[in-house]
Amino acid sequence: MTTPLVDPFQRRITYVRLSVTDRCDFRCGYCMAEHMTFLPKRELLTLEELERLAGAFIALGVRKIRLTGGEPLVRRNIMQLVQAIGRHVTSGALDELTMTTNGSQLERHADALVAAGVRRINVSLDTLDAQTFRQITRWGDFHKVTSGIEAAKRAGLKIKINAVALKGVNEHELDRMITWCGAEGYDLTLIETMPLGEIDEDRTDQYLPLSRVRADLEQRWRLTDIPYSTGGPARYVRIEETGGRLGFITPLSHNFCESCNRVRVTCTGTMYMCLGQEDAADLRAPLRAHADDAALIAAIREGITRKPKGHDFVIDRRRKRPAVARHMSVTGG
Ligand code: SAM
Ligand code: SF4
């Protein structure tokens, strides 16, 4: 047996978020600038390299892999990779293969995702208003996304809606989203904006603390804390009126690092041991230098020895600069 991945703080690493592209068909204001320069293709791991990387992590005891991006479903031939990693779910080596998507391509891929072994997906949707959707995503088509979500539901995927809480943009719509998710059977998670990467807007204008959101929701909804966990940083409540679950991800106002079981790998094969820090390990060089995985596995293990205890996100209000320069679309959400 290979020894499992355990970091210096005795946290076992069982979850990898793997970004498969930095590109996207949307330009959400909190995530990207409108005019982005994307990486040249040779910088990106090929689908075969991504498959090898996933295999190495699984050999090291990783039980859950989430594909993300950029928009994972815009990567050409992405379903090949989903099918390849999905085989580890079928064999029992992996508990879960899942994906975070903006939903734009779900209509054509939903059935194939299920066939490949995907059981749950997260779909990012910040609003139920087509115009506000266009304003937030700049390029997105609301109806394409809702058709995609419906197709995913029909295909049998369990759906969690992720919504970034944005001051003055969707904060007045949260009741409607709770009602909609409750009726459709979707979980809902609210996310605070995180200071990742330079964007065109001012983040301190968008930041809406979820403690305030929760206090406001409690005026109208009965929220009961529940111990539910998906292995992620969200704290969950049950909404008694709908029976649905509501999660809160509060990286700025809360510290969830103690139980962190994850690492993130970018589409260029850089492993970030913490979303909020710059320290990283290059996995692409060992992946490309050797046909066998010994050097790759050594590089993963070495990186894990540098996993920090926690992060220190700040939006610097004076300089209005992000604490971490890379975009979420590079590290993967
Ligand atoms: N394109 C896919 C999507 O939108 O679901 C996957 C990648 S996206 C970077 C993953 C998640 O990160 C999305 O839910 C998005 O809303 C969130 N996100 C992006 N930038 C963020 C930021 N600055 N703060 C908080 N969440 C952010
Ligand atoms: Fe694209 Fe997702 Fe970023 Fe929006 S949040 S621009 S959909 S990667």
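The structure displayed is predicted, hence computed values, not measured ones.

### Things to note about empty space enclosed by the protein
Evaluated as defined, the whole model comprises 2 cavities of 30 Å³ or more. By volume, the second largest cavity is sized at about 30 Å³. Contributing to the lining of the second largest cavity are Ile178, Cys181, Gly182, Tyr186, Leu188, Ile239, Thr242, Gly244 and Arg245. With 3 residues, the top contributor of residues to the lining of the second largest cavity is helix α6 (residues 174-184). The residue makeup of the lining of the second largest cavity, split by class, is 5 nonpolar, 3 polar and 1 charged.

### Observations concerning unusual backbone geometry
Positioned with a positive phi, glutamine 10 is a non-glycine residue whose angle comes to about 65 degrees. Summarising the element assignment, glutamine 10 is placed in the segment before β1 (15-19). In this structure, arginine 138 takes a positive phi of about 60 degrees despite not being glycine.

### Thoughts on the site of ligand 2
With respect to spatial proximity, the complete set of residues near ligand 2 consists of Cys24, Phe26, Cys28, Cys31, Met32, Gly70 and Asn102. Of the residues belonging to the shell around ligand 2, the class tally is 5 nonpolar, 2 polar and no charged.

### A look at the confidence of the model for the protein chain
In this model, the protein chain carries a mean pLDDT of 91, and residues with pLDDT of at least 70 account for 88%. Contacts of residues 315-319 to residues separated by more than four positions or lying in other chains number 7 contacts, the stretch itself having pLDDT below 50.

Rules used throughout
- Throughout, a residue's number is its position along its own chain's written sequence, starting from 1.
- Whichever chain is written first becomes A and whichever ligand is written first becomes 1, with later ones labelled in order.
- The predicted origin of the model limits local features to residues at a pLDDT of at least 70 and limits the giving and counting of side-chain atom pairs to 80 or more, whereas totals for whole chains, interfaces and linings rest on all residues.
- Hydrogens and waters are ignored; side-chain quantities use all the structure's heavy atoms.
- Put plainly, a pocket is an open set of points on a 1 Å grid over the protein atoms alone with protein on both sides within 12 Å along at least five of seven lines, a cavity is a set where a 1.4 Å probe fits but cannot get out, and a lining residue has an atom within 4 Å of a point.
- Grid points are joined across faces, edges and corners, and a volume is the space filled by probe spheres set on the points.
- The helix count covers DSSP runs of H or I at least four residues long, the strand count covers runs of E at least two residues long, and both are numbered beginning at the N terminus.
- Residue type decides the class: Asp, Glu, Lys and Arg count as charged, Ala, Val, Leu, Ile, Met, Phe, Trp, Tyr, Cys and Pro as nonpolar, and the leftover types, Gly among them, as polar.
- Here a residue is considered near a molecule or strand provided that any single heavy atom belonging to it is located within 4 Å of it.
- The quantity called pLDDT is the predictor's confidence in a given residue, expressed from 0 to 100.
- Here, two residues are considered to be in contact whenever any of their heavy atoms come within 4.5 Å of each other.

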